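What the coordinates show
So the chains spell out like this:
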Amino acid sequence: MKVGIISLGCAKNLVDTENVLGMLKYAGVELTTSYDEADAIIINTCGFIESAKTEAIETILDTADLKEKNLKKLIVMGCLVKRYKKQLEEEMPEVDRFVSLEEYPSLGAILSEELGLKIADNYGRVPRMLSGKPWMAYLQISDGCSNRCAFCAIPNIRGPLHSRREEDILSEAKDLAAHGVKEITLVAQDCSKYGFDEDHQFHLKQLLQKLDALEGIRWIRMLYLYPDEVQPGLIETIRQSKHILPYFDIPTQSGSDHVLHAMRRATSRQKILDLTSLIRQKLPDAVLRTTLIAGFPGETEADYEETLSMIEQVQWDHLGAFTYSREEDTPAFAMEDDVPAEEKERRQKNLLALQEKIALSLLEKRVGRTMEVLVESVDPLTDMYIGRTGEMAPDHVDGEVRFHTEKNYVPGQFTRVKITKISGENLIGVDQQEE
């Protein structure tokens, strides 16, 4: 039996998918990426916000159509199942099995039963199988979240913060490096609070110091850091490190104290401004990225203007803005969703338009600089190499670098590129290491 997996959602979900792939590979199951060849397909879903739920449902229904052709088994797992398992079972009989998060320790037995194969219950206890580019990997350091922001369903889906053991993280990092991984991105719902569930102390700094000392890893970055939890010692650790990128993804959600309080965010506008100023002071080359919510319940025009002002003051390198999505089982669900949809979209559009101008101005300052670039592919139409600087995360939202060279590079190699111009959100340059 050939088995395929579709992974939806965030990097943390991708790690879960790769753990399933590792478990199947360990059992000797034949894997495929072809819809036409697959006898069984497992879909790992996201259920965080409305758009993610819609994507998951559409993917399930589209995949179920294959049962009229070659597909014998369709199994759905992940966050959507955790939130709506009973409803899904009632409304989607074309799915053979729904597997919720708490069932993962028994996933081997479940898959054995459904697929007629012998698969051990060793989810997360055998090396995961990387599904992306072999030179980079996400490394999960914790799961769940205890912040209880008013708009967020993650604590209900994933539970409270529970950090992985440091020795397990370091062991996995060493294994990834031994298999050629050059870039590690630490992921968690809240990286900054790593270890806090053990003794109410922040342990991210110590973890980073040990990861920084490992052989073979060139770049280390983190997603995400909460603004009220970034300690000055963490900034100094990054400043003194060899491999930790000064890349700060700090989801702020709003620039208004009124909205931040309604969101139950343990921060303030001034704390955000002070933190970003301190980072820029200590690390002039730091990259600052954030996300914002447009149209949270009770957000006034004045609140929205304060968020615009915050964007202007901070000068974020990268910024994403999303319209508010009302989610069941969150504190905000009981609030009146009083900002009309068209107004949410207007505010989102204007936030992104302002950011586009700022990002263009910041990109122009890169022209003339020579930057380290991780080569990832070649454009077959232009023969230009495509890669990323350390300022660009691997999730494809920060732009890319394109350059011509006579040298032959293998994806995963590093080079140095002099930036000569910008094109949209991308940098164009010339290779500085031609032989």
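Summarised in this report is the structure supplied together with it. (Residues numbered from 1 in each chain as written. Predicted model: local features only at pLDDT ≥ 70, side-chain atom pairs only at ≥ 80, totals over all residues. Heavy atoms only, no water.)

A closer look at the overall build of the protein
Our working rule: Helix and strand assignments come from DSSP, with helices taken as H or I runs of at least 4 residues and strands as E runs of at least 2, each series counted from the N terminus. In this setup the radius of gyration rests on C-alpha atoms only. A globule is expected at 2.2 Å times the number of residues raised to 0.38. When accessible area is computed with a 1.4 Å probe and restricted to protein chains, residues below 20% of their type maximum are described as buried, those above 50% as exposed, and intermediate ones as partly exposed. Only the protein chains shown count as cover for residues, and the accessible areas themselves come from Shrake-Rupley with a 1.4 Å probe. By the counting scheme adopted, Arg and Lys are positive, Glu and Asp are negative, and His together with the chain ends is not counted. Taken as the charge centre is NZ of Lys, CZ of Arg, CG of Asp or CD of Glu, depending on the residue.
The helix and strand inventory of the protein stands at 13 helices and 18 strands. Taking 22 Å as the expected radius of gyration for a compact globule of 435 residues, we find that the protein reaches 22 Å, a close match to that expectation. Considered along the principal axes of its C-alpha atoms, the protein spans approximately 65 × 60 × 50 Å. Within the protein, the fraction of its 435 residues that count as buried is 55%. Total accessible area computed for the protein in this model is approximately 19,700 Å², and 49% of it derives from carbon and sulfur atoms. Side-chain charges of the protein comprise 52 positive and 73 negative groups, with the mean position of each set lying 4 Å from the other.

Observations concerning the side chain of Thr276
Here is the rule we go by: Distance and chemistry together define a polar contact, namely a pair of N or O atoms within 3.5 Å, with one atom able to donate a hydrogen and the other to accept it when in protein, and with adjacent residues in sequence counting only for side-chain atoms on both sides. In what follows, residue pairs with any heavy atoms lying within 4.5 Å of each other are defined as contacts.
Within the secondary structure layout, Thr276 lies in helix 11 (residues 269-282). When its relative accessible area of 5% is taken as the criterion, Thr276 is described as buried. One polar contact links the side chain of Thr276 to the main-chain carbonyl oxygen of Leu273, over a distance of 3.1 Å. Those residues in contact with Thr276 that sit more than four places away from it in its chain are Leu288, Val314 and Trp316.

Quick notes on the sheet that holds strand 10 (residues 219-223)
Quick reminder of the rule: In this scheme, strands are said to pair when DSSP sees at least two bridges between them. Helix axes use the C-alpha atoms of the stretch in contact, all axes being lines fitted to C-alpha atoms, and the angles between their N-to-C directions lie in the range 0 to 180 degrees.
Read across the sheet, three strands follow the order 6-9-10 without closing on themselves; strand pairing throughout is parallel. The strands lining the two open edges of the sheet, one partner per strand, are strand 6 (136-140) and strand 10. The average angle at which neighbouring strand axes cross in this sheet is 25°, direction not considered. Pairing of strand 6 with strand 9 (residues 183-187), which is carried by five bridges, proceeds in the parallel orientation. Within the sheet, the bridge partner assigned to Tyr138 lies in strand 9 and is Thr185.

Regarding helix 3 (residues 79-91)
The condition that has to hold: An expected span of 1.5 Å times one less than the residue number is assigned to each helix. In this scheme, the bend at a residue equals the angle between the axes fitted to the seven residues that finish there and the seven that begin there.
Helix length check: helix 3, at 13 residues, gives a terminal C-alpha distance of 17 Å against a target of 18 Å (1.5 Å per residue), a fit within 8%. The sharpest bend along helix 3 reaches about 90° and sits at Lys85. Listed as buried for helix 3 are Cys79, Leu80, Val81, Arg83, Tyr84 and Leu88. Those residues of helix 3 hidden inside the fold are in contact with helix 1 (11-26), strand 3 (40-45), helix 2 (50-64), strand 4 (73-78), strand 5 (97-99) and helix 5 (154-158).

Focus on the pattern of salt bridges
To keep things clear, this is the line we draw: Criterion for a salt bridge: a side-chain nitrogen of Lys or Arg within 4 Å of a carboxyl oxygen of Asp or Glu.
The tally for this structure, following the rule as stated, stands at 44 salt bridges. Taking the shortest distance from any N to any O, the salt bridge between Glu166 and Lys210 comes out at 2.5 Å. Taken as a pair, Glu166 in helix 6 (residues 166-178) and Lys210 in helix 8 (residues 204-212) lie far apart in primary sequence, 44 residues in all. Taking the relative accessible area as the measure of exposure, Glu166 reaches 22% and is therefore partly exposed. One salt bridge connects Asp317 with Arg280, and the closest N-O pair in it is separated by 2.9 Å. Taken together, the positions of Asp317 in the loop between helix 12 (301-314) and strand 13 (318-323) and Arg280 in helix 11 put the pair 37 residues apart, joining distant regions of the chain. Through salt bridges that share partners, Glu50, Lys53, Arg83, Glu327 and Glu328 make up one connected network.

Let's talk about the pairing of strand 3
Taking burial as the measure, the six residues of strand 3 include six buried ones, the bulk of the element. Residues Ala40, Ile42 and Asn44 line one face of strand 3 and the alternating positions Ile41, Ile43 and Thr45 line the opposite face, and both faces are buried. Here strand 1 (residues 2-7) pairs with strand 3 via five bridges, running parallel. Across the sheet, the residue bridging to Val3 is Ala40, located in strand 3. Where strand 3 meets strand 4, six bridges bridge the pair, whose relative direction is parallel. Looking at the pairing, Ile41 lines up with Leu74 of strand 4.

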